[in-house]
Amino acid sequence: MIRLIFIAFSIASMGIFSLSNLKVEKEELKTELTINSNLLAINFCGEKVPLTEMRIAERYQKMIRNYDTNSFRKLMTSAEKRMKIIEPILTKYGVPSDFKYIPIIESAMNHDATSHKGAGGYWQFMPATAKSLGLTVNGTVDDRKHLVKSTHAAGKYLKELHRQLGSWTLVAAAYNAGPQHIQNRMNAQNKDDYFKLRLNAETTQYIYKILAVKEWFSNPERSREWGSGDVLEKMVQIREEKKISELKSDSKQFASAATDS
């Protein structure tokens, strides 16, 4: 009899242990599906980037990976001194420091860079735009290649764009596509949020380029984590778990309604 009681107790204990393990496993799964809020706390000029949206997270991760190269790391080192010159000039015009990364993506901080359309210098101004901002551009002098002069011009231009558009994110888009084009897109789509606007591929990618460059400069550890793919994988898992949970909830409500009827 005592032996039977001992066996029964052992079996019961094993059951409790199994249930306990299952509970722990569920808790561990829940922990794994939690994303550190710091990984999503990315902004441009204080304007929050909605990284909880999958399409935006995917674009951001892709651009982070695009800049994870040895050539870009060398550029980061060589550009550091010039960026220290750029930032206080932008501040003088009330332009956020995040815009100091534009010469990185526009010209790779190369004063001799020239586009096929004729844009040139650190900030890649077109000749007409440069002249309208007070820069000299002729056969012998090109102020677009002068870091300090061209950055003062950029400060004026960015400040004016913000006066027109009211959002620094839209300013970045307008720097790429032109203010009139962005305004036309906003009017046509009745939207004033960059992340909700349908734009051409180059302008759509532009803000992600600035963000990726900014993040590799200011927060390389967070950039490496995004580049690893773990963040996006967790977001997918969380979304799937949410769908399953919602389906279960709907099933319970349906069953309850059927029983009541």
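Residues numbered from 1 in each chain as written. Predicted model: local features only at pLDDT ≥ 70, side-chain atom pairs only at ≥ 80, totals over all residues. Heavy atoms only, no water.

1. Details of the overall build of the protein
Moving on, step 1. Check the secondary structure of the protein and you find 12 helices and 2 strands.
Moving on, step 2. Reading the protein from its N end, one meets helices and strands in the order α-α-β-β-α-α-α-α-α-α-α-α-α-α. (Helix = DSSP H or I, 4+ residues; strand = E, 2+ residues; numbered from the N terminus.)

2. A word on a negative patch on the surface
Moving on, step 1. Residues Glu221, Glu225, Asp230 and Glu233 make up a contiguous surface patch of negative charge.
Moving on, step 2. Within the fold, Glu221 resides in helix α11 (residues 220-228). (Patch = residues over 30% accessible without salt bridge, like charges linked within 9 Å, V, L, I, M, F, W, Y side chains within 5 Å. Areas by Shrake-Rupley, 256 points an atom, 1.4 Å probe, with all protein chains shown as cover. Salt bridge = Lys/Arg side-chain N within 4 Å of Asp/Glu carboxyl O. Lys, Arg positive; Asp, Glu negative; His and termini not counted. Charge placed at Lys NZ, Arg CZ, Asp CG, Glu CD.)

3. Points about helix α8 (residues 168-177)
Moving on, step 1. The buried count for α8 comes to 8 of 10 residues, which makes it a mostly enclosed element.
Moving on, step 2. The set of residues buried in α8 consists of Trp168, Thr169, Leu170, Val171, Ala172, Ala173, Ala174 and Tyr175.
Moving on, step 3. On its buried side, α8 packs onto β1 (43-44), β2 (47-48), α5 (102-107), α7 (147-165), α9 (179-189) and α10 (201-218).
Moving on, step 4. One side-chain oxygen of the residue at the start of α8 lies 3.3 Å from the amide nitrogen of Thr169, identifying that residue as Ser167.
Moving on, step 5. Residue Gly178 follows α8 closely and has a positive phi angle near 100 degrees. (Buried < 20%, exposed > 50% of the residue type's maximum accessible area, 1.4 Å probe, protein only. Contact = heavy atoms within 4.5 Å. Polar contact = N/O pair within 3.5 Å; in protein donor to acceptor, adjacent residues only side chain to side chain.)

4. Side note on α10
Moving on, step 1. Taking 1.5 Å as the rise per residue, α10 with 18 residues should run 26 Å; its terminal C-alpha atoms sit 26 Å apart, in good agreement.
Moving on, step 2. Along α10, the sharpest kink reaches roughly 25 degrees, centred on Ile207.
Moving on, step 3. Within α10, 13 of the 18 residues are buried, which leaves the element mostly enclosed by the surrounding structure. (Expected span 1.5 Å × (residues − 1). Bend = angle between axes of the 7 residues up to and from the residue.)

5. A word on the nonpolar core
Moving on, step 1. With 71 residues, the main nonpolar core has Phe44, Phe72, Phe99, Ile104, Trp123, Phe125 and Trp226 as its most contacted residues.
Moving on, step 2. A per-element tally of this core places α10 first, with 9 residues.
Moving on, step 3. Once residues within four sequence positions are removed from consideration, Phe125 is found in contact with Gly118, Ala119, Gly120, Ala130, Leu133, Leu135, Arg144, Ser150, Ala153, Ala154, Tyr157 and Tyr175. (Core = buried A, V, L, I, M, F, W, Y, C linked by side-chain atoms within 4.5 Å.)

6. Here we look at the side chain of Glu215
Moving on, step 1. Among the structural elements, Glu215 can be located in helix α10.
Moving on, step 2. Not counting chain neighbours up to four residues away, the residues in contact with Glu215 comprise Ile42, Tyr60, Ile64, Pro220, Arg222 and Ser223.

7. Here we look at the packing of aromatic side chains
Any pair of aromatic rings gets described here by the distance separating the centres and the angle formed by the planes.
Moving on, step 1. Scanning the model with the defined rule gives 12 aromatic pairs in all.
Moving on, step 2. Each ring, one from Phe44 and one from Phe99, has its centre 5.2 Å from the other, and the planes form 70 degrees; the classification is edge-to-face. On the criterion of sequence distance, the pair formed by Phe44 in strand β1 and Phe99 in the loop between α4 (70-92) and α5 is long-range, its members being 55 residues apart.
Moving on, step 3. Judged by its relative accessible area of 0%, Phe99 is buried.
Moving on, step 4. The structure contains a cluster of three or more aromatic residues connected by ring pairs, namely Tyr67, Phe72, Tyr101 and Phe217. (Phe/Tyr/Trp six-rings, centres within 6.5 Å; stacked < 30°, edge-to-face > 60°.)

8. Focus: unusual backbone geometry
It is generally the case that most residues other than glycine have a negative phi and that most peptide bonds are trans.
Moving on, step 1. Located in the positive-phi region is Ala108, a residue other than glycine, with phi close to 55 degrees.
Moving on, step 2. Here Ala108 lies in the loop between α5 and α6 (127-132).
Moving on, step 3. Positive phi, close to 55 degrees, is recorded for Met109, a residue that is not glycine.
Moving on, step 4. Its location among the elements puts Met109 in the loop between α5 and α6.

9. Considering the pattern of salt bridges
Moving on, step 1. Within this structure, the stated rule accounts for 9 salt bridges.
Moving on, step 2. Two residues, Lys214 and Asp98, come together in a salt bridge whose shortest N-O distance is 3.0 Å. Within this pair, whereas Lys214 is found in helix α10, its partner Asp98 is found in the loop between α4 and α5, the two being separated by 116 residues in sequence. Of the two residues examined, Lys214 and Asp98, each falls in the buried class.
Moving on, step 3. In this structure, the salt-bridge partner of Glu215 is Arg222, at a minimum N-O distance of 2.9 Å.
Moving on, step 4. For Glu215, a relative accessible area of 2% puts it in the buried group.

What is shown is where atoms sit, not what they do.
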